[in-house]
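Per-entry structural report
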Amino acid sequence: MSATHAHELNAAAQSGQPSSHSTSPVLWMALLLAILVGVLTLMWRHAERAPAVPASAETTPVVAAPTMDAPAAMRTPATASHGPRKPAAVVGDRQARPLAGNPSPAYPPAALRAGVEGSVVASLQVDAQGKVTDASIVSHDGERSRDLDRAVLDTLGSWRFEPALRNGRAVATVVRVPVDFRTGR
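Quick caveat, the model's predicted, so the values are computed rather than measured. (Residues numbered from 1 in each chain as written. Predicted model: local features only at pLDDT ≥ 70, side-chain atom pairs only at ≥ 80, totals over all residues. Heavy atoms only, no water.)

1. Points about the environment of Leu 99
- Residue position: Leu 99 is located in the loop between strand S3 (97-98) and helix H4 (109-114).
- By relative accessible area, Leu 99 is classed as partly exposed at 38%.
- Expressed as a C-alpha distance, the spacing of Leu 99 and Pro 163, which sit 64 residues apart in the sequence, is 10.0 Å.
- When near neighbours in sequence (up to four residues on either side) are disregarded, Leu 99 contacts Arg 160, Phe 161 and Glu 162. (Helix = DSSP H or I, 4+ residues; strand = E, 2+ residues; numbered from the N terminus. Buried < 20%, exposed > 50% of the residue type's maximum accessible area, 1.4 Å probe, protein only. Contact = heavy atoms within 4.5 Å.)

This is how it looks when you write it as structure tokens:
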């Protein structure tokens, strides 16, 4: 800054006139308000997207949302080697959805007493009417227990679904359902 500019700034400060280099407090307040509104908007949008966690007893299993796979008969070599296919964006397509009245698997009393915990993922073949035609366990996380497997297969085998739709028609599909068993101890 040159001596001339410094002299002008000092003269402006003494006379009470704002200099061309100072920022108005009103502008600072407006900037702070805009930042606050932006942060609150982001927090509000994030809260809308977060799924609500249902309240459940400490000893009941938690059934996560099912994931879908194409049935083995419908897989091509390309989809078999690259994982599940993504649904096509065709009007009238949807994945199979479990009905609201389906029961959660009960924690087997023997496994609960023994403190056995773990996660089980079941693969369900669902026909075009929404009935489970076959159920199997595809993976475990934590302790492997026949009691937990049996509880999952017995319960999920009786589940009913809204059938999957392809091109507006009900079709058979494969649904994967993860179930967590935690004792809460």
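Past the structure itself, the notes keep going.
2. Quick word on the nonpolar core
- Leu 124, Leu 148, Val 152, Leu 156, Phe 161, Val 177 and Phe 181 are the most contacted members of the largest nonpolar core, which has 20 residues in total.
- For this core, the secondary structure elements donating two or more residues are strand S4 (118-126), helix H5 (146-156) and strand S9 (173-181). (Core = buried A, V, L, I, M, F, W, Y, C linked by side-chain atoms within 4.5 Å.)

3. Concerning the pairing of S4
- Taking burial as the measure, the nine residues of S4 include eight buried ones, the bulk of the element.
- Relative to strand S5 (residues 132-142), S4 runs antiparallel, the two sharing nine bridges. What sits directly across from Ser 119, in S5, is Asp 141.
- From the end of S4 to the start of S5, which pair antiparallel, there are five residues, and Gly 130 there has a positive phi angle of about 90°.
- Two elements, S4 and S9, share nine bridges in a ladder whose sense is antiparallel. Bridge assignment links Ala 122 to a residue of S9, and that residue is Val 177. (Pairing = 2+ DSSP bridges.)

4. Notes on the packing of aromatic side chains
- A full pass over the atoms with the stated rule returns two aromatic pairs.
- Their ring planes at 75° and their centres at 5.2 Å tell us that Tyr 107 and Phe 181 sit as a pair that is edge-to-face. A residue pair is termed long-range when its members are at least 10 positions apart, and Tyr 107 in the loop between S3 and H4 and Phe 181 in strand S9 qualify at 74 residues.
- Their ring planes at 50° and their centres at 6.1 Å tell us that Trp 159 and Phe 161 sit as a pair that is tilted. (Phe/Tyr/Trp six-rings, centres within 6.5 Å; stacked < 30°, edge-to-face > 60°.)

5. A few points about the pattern of salt bridges
- Within the structure shown, the criterion is met by three salt bridges.
- The salt bridge involving Glu 162 is made with Arg 94; its shortest N-O contact spans 3.5 Å. Of the two residues, Glu 162 is situated in strand S6 (residues 161-162) and Arg 94 in the loop between helix H3 (77-82) and S3; the sequence distance between them amounts to 68 residues.
- With a relative accessible area of 30%, Glu 162 lands in the partly exposed category.
- Take Arg 94: its relative accessible area is 26%, and that puts it in the partly exposed class.
- In this structure, Arg 97 and Glu 162 form a salt bridge, with 3.0 Å as the shortest nitrogen-oxygen distance. Note that Arg 97 is positioned in strand S3 and Glu 162 in strand S6, a separation of 65 residues in sequence. (Salt bridge = Lys/Arg side-chain N within 4 Å of Asp/Glu carboxyl O.)

6. Remarks on H5
- Along H5, the residues classified as buried are Leu 148, Asp 149, Ala 151, Val 152, Thr 155 and Leu 156. Buried residues of H5 fall within an arc of 165° about the axis and therefore sit on the same side. The exposed residues of H5 that point more than 90 degrees off its buried face are Arg 146 and Asp 154.
- Where H5 is buried, its residues contact H4, S4, S5 and S9.
- Capping of H5 at its N-terminal end is provided by Ser 145; its side-chain oxygen lies 3.2 Å from the backbone amide nitrogen of Asp 147. (Arc of directions from axis to C-beta. Polar contact = N/O pair within 3.5 Å; in protein donor to acceptor, adjacent residues only side chain to side chain.)

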